[in-house]
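Here is what each chain is made of, one letter per residue.
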Amino acid sequence: MIVDSLEENIMVNNEAIVSIIDKITAQKGAPCKKTLQKIVFLIEAKKVDLGCDYGIHFYGPYSADLDFAVRELNDEGILGIEYTAMEHRISVVDNSVANGYSNQIVDEVINEFGKDSPSELELLATALYVFLQARDVQRVKDGVIKIKGSKYSEQRISDAIARLKRTGYIAA
């Protein structure tokens, strides 16, 4: 089983991950772990395969593959992780790993969502996750409430659904 998890990590596109962290940092500073998880989820939802499988977690969609890759890149001195009481800030120490990685869809997603708060990204990603599972926009609000409880108002959930429609994640 250890071999399987190592093989899975080889599939994570480390060049893309380093580039994504660099681009988010340029917009609003070093992202926290939650921000990176949600931005990568939104990128993968646009059919850009970065090698990260997602499941639902307490803070919305979560990829153990991405978490492992970030920790491994930190161990290799490519990324730095600053641990605080409230979050884990991730920064690029050596961006040569990005090797000039470029993808228009990645850039579009970061431009659209890169400045959003971790909480807003959590709501957007959770709403999208529910939609992708249910394939029914009418069930999204109830699904988010079931997962998140009263953390987000119905209006905020409706606004998130509208934004996901506007950005092409959910067909209008």
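Because the structure is predicted, anything quoted here is derived from the model rather than measured.

Visitor: Could you give an account of the overall build of the protein, naming the residues involved and the relevant values?
Guide: Regarding its fold elements, the protein presents eight helices and four strands. The linear arrangement of helices and strands in the protein, starting from the amino end, is α-α-α-β-β-α-β-β-α-α-α-α. Computed over its C-alpha atoms, the radius of gyration of the protein comes to 16 Å, within 12% of the 16 Å expected for a compact globule of 172 residues. With the C-alpha coordinates aligned to their principal axes, the bounding extent of the protein is approximately 45 × 40 × 35 Å. Looking at the 172 residues of the protein, the share that counts as buried comes to 42%. A total accessible area of about 9000 Å² is found for the protein, and carbon and sulfur atoms account for 51% of it. A gap of 10 Å separates the mean positions of the 20 positive and 26 negative side-chain charges of the protein.

Visitor: Lay out the environment of alanine 160 with the relevant residues and their values.
Guide: Checked against the element boundaries, alanine 160 lands in helix H8 (residues 154-166). Expressed as a C-alpha distance, the spacing of alanine 160 and lysine 141, which sit 19 residues apart in the sequence, is 9.7 Å. The contact partners of alanine 160, leaving out residues within four places of it in the chain, are Leu123 and Leu124.

Visitor: Provide a residue-level description of unusual backbone geometry, including the pertinent values.
Guide: Here the phi dihedral of asparagine 99 falls at roughly 45°; this positive angle occurs in a residue that is not glycine. Relative to the helices and strands, asparagine 99 resides in the loop between strand E4 (88-92) and helix H5 (104-113).

Visitor: Help me get a handle on the side chain of aspartate 65, residues and values and all.
Guide: As for its position among the elements, aspartate 65 is in helix H4 (residues 64-75). The side chain of aspartate 65 is buried and forms no salt bridge, while arginine 71, the nearest opposite charge, is found at 9.2 Å.

Visitor: Any chance you could break down the packing of helix H3 (residues 33-45) against H4 for me, citing the residues and the numbers?
Guide: Packing of H3 against H4 leaves a shortest axis separation of 10 Å and a crossing angle of 125°. The angle between H3 and H4 places the two elements in the oblique class. Classified by chirality, the crossing of H4 by H3 is right-handed. Between H3 and H4, the residues in contact are Lys33, Leu36, Gln37 and Val40 and Leu66, Asp67 and Val70, respectively. Grouping the constituent residues of the contact of H3 with H4 by class yields four nonpolar, one polar and two charged.

Visitor: Now, about the nonpolar core: what can you tell me, with residues and values included?
Guide: If you look at the biggest cluster of nonpolar residues, it comprises 50 residues, and the most contacted ones within it are Ile20, Leu36, Val40 and Leu50. Where this core is concerned, the elements lending two or more residues are helix H2 (14-28), H3, H4, strand E3 (79-83), H5, helix H6 (118-134), helix H7 (140-148) and H8. Counting residues per element, this core draws most heavily on H6, at nine residues. Sequence-distant contacts of leucine 36, defined by excluding residues within four places in its chain, comprise Ile20, Ile21, Ile24, Pro31, Leu66, Val70 and Ile90.

Reading guide: rules and limits
Residues numbered from 1 in each chain as written. Predicted model: local features only at pLDDT ≥ 70, side-chain atom pairs only at ≥ 80, totals over all residues. Heavy atoms only, no water. Helix = DSSP H or I, 4+ residues; strand = E, 2+ residues; numbered from the N terminus. Rg over C-alpha atoms; globule rule 2.2 N^0.38 Å. Buried < 20%, exposed > 50% of the residue type's maximum accessible area, 1.4 Å probe, protein only. Areas by Shrake-Rupley, 256 points an atom, 1.4 Å probe, with all protein chains shown as cover. Lys, Arg positive; Asp, Glu negative; His and termini not counted. Charge placed at Lys NZ, Arg CZ, Asp CG, Glu CD. Contact = heavy atoms within 4.5 Å. Salt bridge = Lys/Arg side-chain N within 4 Å of Asp/Glu carboxyl O. Axes fitted to C-alpha atoms, helices over the stretch in contact; angles between N-to-C directions. Parallel < 35°, antiparallel > 145°, perpendicular 65-115°, else oblique. Left-handed = near helix turned anticlockwise from the far one by under 90°. Nonpolar A, V, L, I, M, F, W, Y, C, P; charged D, E, K, R; others polar. Core = buried A, V, L, I, M, F, W, Y, C linked by side-chain atoms within 4.5 Å.

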